[in-house]
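Listed below are the residues making up each chain.
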Amino acid sequence: MTTKKTMKSAFESMMFVWGEPLDVKTAAEVFNINWKDAYDYFLELKQEYDQEGRGIKIIEINKSFQFVTNAENSSYVERLCTPVKEKKLSQSALEVLAIIAYKQPITKGEIDSIRGIKCDRVIEGLVKKELIQEKGRSSAIGRPILYGTTDAFLKHFGFETLKDLPDIENIESAVVADDPEDEVYAQQISLEFDM
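In this text, all values refer to a predicted model and were calculated from it rather than measured experimentally.

Undergrad: Hey, could you run me through the pairing of strand S3 (residues 64-69) in this one?
TA: It is a general feature of regular strands that their side chains alternate between the two faces of the sheet. Where strand S1 (residues 22-23) lies against S3, two bridges are found, and the strand directions are antiparallel. Looking across to S3, one finds that Leu22 is bridged to Phe65. Relative to S3, strand S2 (residues 56-60) runs antiparallel, the two sharing five bridges. If you follow Ile59 over to S3, its bridge partner there is Gln66. Counting the residues that bridge the hairpin from S2 to S3 gives three residues, and of these Asn62 lies at a positive phi of roughly 50°.

Undergrad: Just to check I follow, could you spell out the sheet that holds S2 for this structure?
TA: Each strand in a sheet pairs with another by means of backbone hydrogen bonds, the pair being arranged parallel or else antiparallel. Pairing is antiparallel in the open sheet, where three strands are placed in the order S1-S3-S2. Whereas interior strands pair on both sides, the edge strands pair on one side only; in this sheet they are S1 and S2. Against the sheet, helix H1 (residues 4-18) makes contact with S1, S2 and S3, and its axis sits at roughly 70° relative to S3, the strand it touches most. Most of the contacts of helix H3 (residues 35-52) go to S2, to which it runs at about 145°, and overall it touches S1, S2 and S3.

Cut-off values and rules
- Residues numbered from 1 in each chain as written.
- Predicted model: local features only at pLDDT ≥ 70, side-chain atom pairs only at ≥ 80, totals over all residues.
- Heavy atoms only, no water.
- Pairing = 2+ DSSP bridges.
- Helix = DSSP H or I, 4+ residues; strand = E, 2+ residues; numbered from the N terminus.
- Contact = heavy atoms within 4.5 Å.
- Axes fitted to C-alpha atoms, helices over the stretch in contact; angles between N-to-C directions.

Structural data, given as C-alpha cells:
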C-alpha cells in the first residue's frame with residue numbers, strides 16, 4: 001500500500017513535469033484512489049508550501065493544482081529571464097580582431113600599421129569583451145604590449161583551436177572593396193566572416 005507521504009511526493013513530481021494545472025481526478029487515477037483523498041493530499045501539500053514560505057507555491061484552479069513562483073520574487077525572476085541585449089561587434093572591431101587572430105602575438109602599433117588608423121578604443125573594447133588579452137611584452141623599444149585572442153574568442157566564433165581559422169595567406173590581402181572598381185585604402189579594410 002502506498003503511503004500518504006509517497007503520494008504527496010509523487011504529486012509534487014507530477015505537477016513539476018505536467019507544467020499545466022494537474023487535475024485532481026487525473027492524479028487520483030494514477031494511484032487508483034478516491035478523488036476526494038487526492039484532493040485532500042493536494043490541499044495538505046499546498047498548505048505545507050505556504051507555511052514554509054518557499055519561492056515556489058502551489059495554487060488551486062478549479063480542482064486542479066499547479067506550481068507557480070512566489071509573487072514576492074517576481075522582480076528577480078524578471079531580471080533573470082529578461083534577455084540581455086548582446087551588442088554586435090562593429091566592422092572596425094571585426095577588422096582588429098581578425099588582424100590579432102592571424103598575426104598574434106601582435107602589438108597595437110603593428111595593428112595600427114596594418115589598418116592605417118589608430119585602434120586604441122577598439123582594442124579596449126575587445127579586451128572588455130574578453131575576446132583578446134595581453135600576451136606579454138615585445139622586446140622592441142618601449143616594450144609594447146602583445147595582444148592575442150582568448151578562449152572566449154574561439155567559443156564566440158565556433159572554433160576549437162586557432163588552426164580552425166580560415167586560410168588567409170596575408171591578412172593585408174583580405175581587403176574587400178564594396179565596389180570592385182573602387183580603390184581600397186587602409187582605412188577601408190573590410191573583412192568577410194562566415195558566422
